[in-house]
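# Report on the structure
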Amino acid sequence: MFYYLLKYVLLGPLLRLVFRPRIEGLPHVPADGPAIVAGNHLSFSDHFLMPAILKRRITFLAKAEYFTGPGIKGRLTAAFFRSAGQIPVDRSGKDAGQAAIREGLGVLRKGELLGIYPEGTRSHDGRLYRGKVGVAVMALKAQVPVVPCAMIGTFEAQPPGRTIPRVRPVTIRFGKPLDFSRYAGLEDDKTVLRAVTDEIMYAILSLSGQEYVDRYAAVVKAEEAGAAGEKTARFPRMPLG
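As a starting point, this report considers the structure included with it.

### Description of the pattern of salt bridges
- For the coordinates displayed, the defined rule picks out eight salt bridges.
- Arg 182 is the partner of Glu 199 in a salt bridge, and the nearest nitrogen-oxygen pair spans 3.0 Å. In this pair, Glu 199 is assigned in helix H8 (residues 190-208) and Arg 182 in the loop between strand S8 (171-174) and H8, connecting sequence segments 17 residues apart.
- Given the relative accessible area of 30%, Glu 199 is considered partly exposed.

In structure tokens:
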């Protein structure tokens, strides 16, 4: 109930006013039945913009940190994400991927829409990064179509680290559903999973027009953070005055 209150009364109208989203290809999203919507992830706002414009309810797999913050603010944030249809997924540990797959398959078995960001994390520089194969596993196991989606302009509106988004228009573009029924029964074949994932990422890339990096975003982030830390250690800022 609160999901639709957010969508139609509290948050949806505000998001439409701030971002003035242009919607393209919405008929590609199935009107009923299970399906995966796989998109790029450029901004914190992505979590709310897509649900605001879709006619159907969509459930996203969200990082568990959104649900475990301390104090009153943490509890309010967790309650908000749950009310908005987000499912917490612990991304740490060797079983993190399997936990996400179980949660996602549960949503699909109920005949619902599942939202996934195959990159696994927000892009820190606006580029599109290599997709993780979990989306392929779920598509093949559940035997559902995958609708590619591109968020365009949300990085400029609210890049990482910016709390209040800039007022500017964005585009949300959906592509034709991808059918992977030809790979039925091959969800344990690593070569097939990589091929399916790469096909999904190529479809997203074709819609978004981003620069593509054939590496995992989390790895690149960690390397850049490490390099920045090393530079700070070698050349510490000197106090002024």
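### A few points about the nonpolar core
- Counting 31 residues, the largest nonpolar core has Ile 36, Leu 114, Met 138, Val 146 and Ile 200 as its most contacted members.
- Elements with a minimum of two residues in this core: strand S2 (35-39), strand S4 (86-89), helix H5 (96-109), strand S5 (113-116), helix H6 (134-142) and H8.
- With eight residues, the single largest contributor to this core is H8.
- Not counting the four nearest positions on each side in its chain, Ile 36 is found in contact with Leu 108, Leu 114, Ile 116, Val 135, Met 138, Ala 139, Val 144, Pro 145, Val 146 and Val 147.
- By size, the runner-up hydrophobic cluster in this structure holds 27 residues, among which are Ala 35, Ala 62, Phe 67 and Phe 174.

### Notes on helix H3 (residues 46-53)
- Of all the eight residues making up H3, eight are buried; the element is thus mostly covered by neighbouring parts of the structure.
- Turning to H3, its buried residues are Asp 46, His 47, Phe 48, Leu 49, Met 50, Pro 51, Ala 52 and Ile 53.

### Let's talk about the pairing of S2
- Judged by how many residues are buried, S2 sits mostly within the fold: five of five residues are covered.
- Residues Ala 35, Val 37 and Gly 39 line one face of S2 and the alternating positions Ile 36 and Ala 38 line the opposite face, and both faces are buried.
- Sheet topology places S2 next to S5; four bridges connect them, and they run parallel. Note on S5: the bridge partner recorded for Ala 35 is Leu 113.
- One ladder, built from four bridges, connects S2 with strand S7 (residues 146-152); its direction is parallel. Its bridge partner lying in S7, Gly 39 is registered against Cys 149.

What counts and how
Residues numbered from 1 in each chain as written. Predicted model: local features only at pLDDT ≥ 70, side-chain atom pairs only at ≥ 80, totals over all residues. Heavy atoms only, no water. Salt bridge = Lys/Arg side-chain N within 4 Å of Asp/Glu carboxyl O. Helix = DSSP H or I, 4+ residues; strand = E, 2+ residues; numbered from the N terminus. Buried < 20%, exposed > 50% of the residue type's maximum accessible area, 1.4 Å probe, protein only. Core = buried A, V, L, I, M, F, W, Y, C linked by side-chain atoms within 4.5 Å. Contact = heavy atoms within 4.5 Å. Pairing = 2+ DSSP bridges.

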